[in-house]
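Summary of the model geometry
Chain residues, written in single-letter form:
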Amino acid sequence: MSTDFKLACVLFDLDGTLVDTAPDLIASLNKALAEHGFSTVAPEAIRPFISYGGAAMVRESMGAGTDQEIQAAVLKSMLDYYQTNIAEHTAFFSGMAETLGIIEALGLKWGVVTNKRKRFTDPLMEALKLTARAACIVSGDTTANSKPHPEPMLEACRQAGVQPQECVFIGDAVHDIAAGKNARMKTLAALYGYLKPGDMPETWGADALIESPEQIPTWIESFTCR
């Protein structure tokens, strides 16, 4: 990796990278499934699909052959439940709160780039008391295109007042790493996140693989404490 890299901003995917939203998302999914007369699903079976959105969670839990109108109805119920219970059990991954503190202590900016819709992102960030701390918050409907397109990444840079080549983006899905690379950012793959069966993050082209949030400061400090 080039030694002339100057880090100014750390960008995070939200679900499965910055915070563990699985408990609230899966609880909302199971309430919706039960409401519509379907069997609930085990958390471990659906957790790997969270990074691909609510529709993917519904499709995986009901089967791809289920009528699309029924899937849409379950999805609507799920999202309605989720919006009113958005941070009941959601929490930082172990070590992430400390990591954010280290980032701030180093004088670096940080922010969020997620494919989650603004109607969910904003109240979740508020509930976690992160809105005022973040230099940028970009949701899946903030820009015309979502990840892996570089547009949301560039919007994050605009909001934070930094250049893409000064950023690292951390995410737990292949589209996260692709988005960062498409915007010419450094990228870290979060192995502790919601990886799907068959995912091979070592092939995504990330600059490093991170097994826990505690490893992020070590990577950051290698470029800021020389």
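I will try to describe carefully the structure that is included in this document. Along each chain, residues carry numbers from 1 onward, in the same order as the chain's sequence is written. Note on the predicted model: pLDDT of at least 70 is required for a residue's local features to be given, and 80 or more for side-chain atom pairs to be given and counted; whole-chain, interface and lining totals, by contrast, use all residues. Based on all heavy atoms of the structure, the side-chain values leave hydrogens and waters out of the count.

A short note on helix α4 (residues 68–84)
Condition: Secondary structure follows DSSP: runs of H or I at least 4 residues long count as helices, runs of E at least 2 residues long count as strands, and numbering of each begins at the N terminus. Each helix should span, by expectation, one fewer than its residue count multiplied by 1.5 Å. Here's how the labels work: a residue is buried when its accessible area is under 20% of the maximum for its type, exposed when over 50%, partly exposed in between, all with a 1.4 Å probe on protein chains only. In what follows, a contact means two residues having at least one pair of non-hydrogen atoms within 4.5 Å. Within 3.5 Å is the distance limit for a polar contact, defined as a pair of N or O atoms, with the added protein rule that one can donate a hydrogen and the other accept it, and that residues adjacent in sequence qualify only through two side-chain atoms.
Its 17 residues place the ends of α4 25 Å apart at the C-alpha level, agreeing with the 24 Å of an ideal helix rising 1.5 Å per residue. Those residues of α4 that sit buried are Gln71, Val74, Ser77, Met78, Leu79 and Tyr82. Where α4 is buried, its residues contact α1 (22–35), α3 (54–62) and α6 (118–127). The N-cap residue of α4 is Asp67: its side-chain oxygen and the backbone nitrogen of Glu69 are 2.9 Å apart.

Remarks on the pattern of salt bridges
Note on pairing: side chains with opposite charge can pair once their charged atoms come close. Applied cut-off: The rule for a salt bridge is simple: a side-chain nitrogen of Lys or Arg has to be within 4 Å of a carboxyl oxygen of Asp or Glu.
Under the definition given, this model contains eight salt bridges. For Asp15, the salt bridge goes to Lys116, with nearest N and O atoms at 2.7 Å. With a gap of 101 residues between them, Asp15 in the loop between β1 (9–12) and β2 (19–20) and Lys116 in the loop between β4 (109–113) and α6 connect regions that are remote in the sequence. Neither Asp15 nor Lys116 differs from the other in exposure class; each is buried. In this structure, Lys76 and Asp80 form a salt bridge, with 2.8 Å as the shortest nitrogen-oxygen distance. One end of the pair, Lys76, and the other, Asp80, are both in helix α4, four residues apart, so they sit about a helical turn from each other. Judged by relative accessible area, Lys76 falls into the exposed class, the value being 54%. Look at Asp80 and you get partly exposed, because its relative accessible area is 34%.

Side note on unusual backbone geometry
Negative phi is the rule for most residues except glycine; trans is the rule for most peptide bonds. Going from Lys147 to Pro148, the amide bond is cis rather than trans, its omega being 20°. In this structure, Pro148 sits in the loop between β5 (136–138) and α7 (151–160). Despite not being glycine, Lys129 shows a phi value in the positive range, around 60°. Although it is not a glycine, Arg184 sits at a positive phi angle of roughly 65°. Residue classification places Arg184 among the exposed positions, given a relative accessible area of 65%.

Overview of α6
To be explicit about the condition: Taking the helix axis as origin, the arc is that swept by the directions to the C-beta atoms.
For α6, the complete set of buried residues consists of Phe120, Thr121, Leu124 and Met125. Angular distribution of buried residues about the axis of α6 spans 120°; they occupy a single face of the element. If you follow the buried residues of α6, they end up packed against α4, β4 and β5. Positive phi appears at Lys129, one or two residues downstream of α6, with a value of about 60°.

Quick look at the sheet that holds strand β7 (residues 186–190)
Whenever strands of a sheet pair, they do so through backbone hydrogen bonds, lying parallel or antiparallel. So the rule is basically this: Note on pairing: two strands pair once DSSP finds at least 2 bridges between them. All axes are obtained by fitting lines to C-alpha atoms, using only the stretch in contact for helices, and the reported angles, taken between N-to-C directions, cover 0 to 180 degrees.
Reading across from one edge, β5-β4-β1-β6-β7-β8 is the order of the six strands in this open sheet, with parallel pairing throughout. Across the chains shown, the open sheet's two edge strands, defined by having one partner strand only, are β5 and β8 (208–210). Looking at each pair of strands side by side, their axes are set apart by 20° on average, direction ignored. Looking at chain direction, strand β6 (residues 167–171) and β7 are connected through four bridges and run parallel.

So, the packing of α3 against α4
Counted only if it meets this: Note on angle classes: values under 35 degrees are labelled roughly parallel, values over 145 roughly antiparallel, values of 65 to 115 roughly perpendicular, and the remainder oblique. Left-handed describes a crossing whose near helix is turned anticlockwise from the far helix through less than a right angle; right-handed describes the clockwise counterpart.
Where α3 meets α4, the closest approach of the two axes is 10 Å, and the angle between their N-to-C directions is 125°. Taken as axis vectors, α3 and α4 run oblique relative to one another. Seen along the crossing, α3 lies across α4 with a hand that is right-handed. Facing Gly54, Ala55, Met57, Val58, Arg59 and Met62 of α3, the residues of α4 in contact are Ile70, Gln71, Val74, Leu75 and Met78.

Brief notes about the packing of aromatic side chains
What counts is decided by this rule: By convention, a stacked pair of Phe, Tyr or Trp rings (six-membered ring in the case of Trp) has centres within 6.5 Å and planes under 30 degrees apart, an edge-to-face pair has planes over 60 apart, and any other such pair is tilted. Remark: a charge is flagged as sitting over a ring if the NZ atom of Lys or the CZ atom of Arg is within 6 Å of the ring centre and within 35 degrees of the ring normal.
Going through the model one piece at a time under the given rule, you end up with five aromatic pairs. With 5.1 Å between their ring centres and 65° between their planes, Phe93 and Tyr192 make a pair best called edge-to-face. Of this pair, Phe93 sits in the loop between β3 (91–92) and α5 (96–105) while Tyr192 sits in the loop between β7 and β8; the two residues are 99 residues apart in sequence, bridging distant segments of the chain. The ring of Phe5 carries Lys186 above its face, with NZ or CZ at 5.4 Å from the centroid. Above the face of the Tyr52 ring, Lys196 is positioned so that its terminal group lies 4.4 Å from the ring centre.

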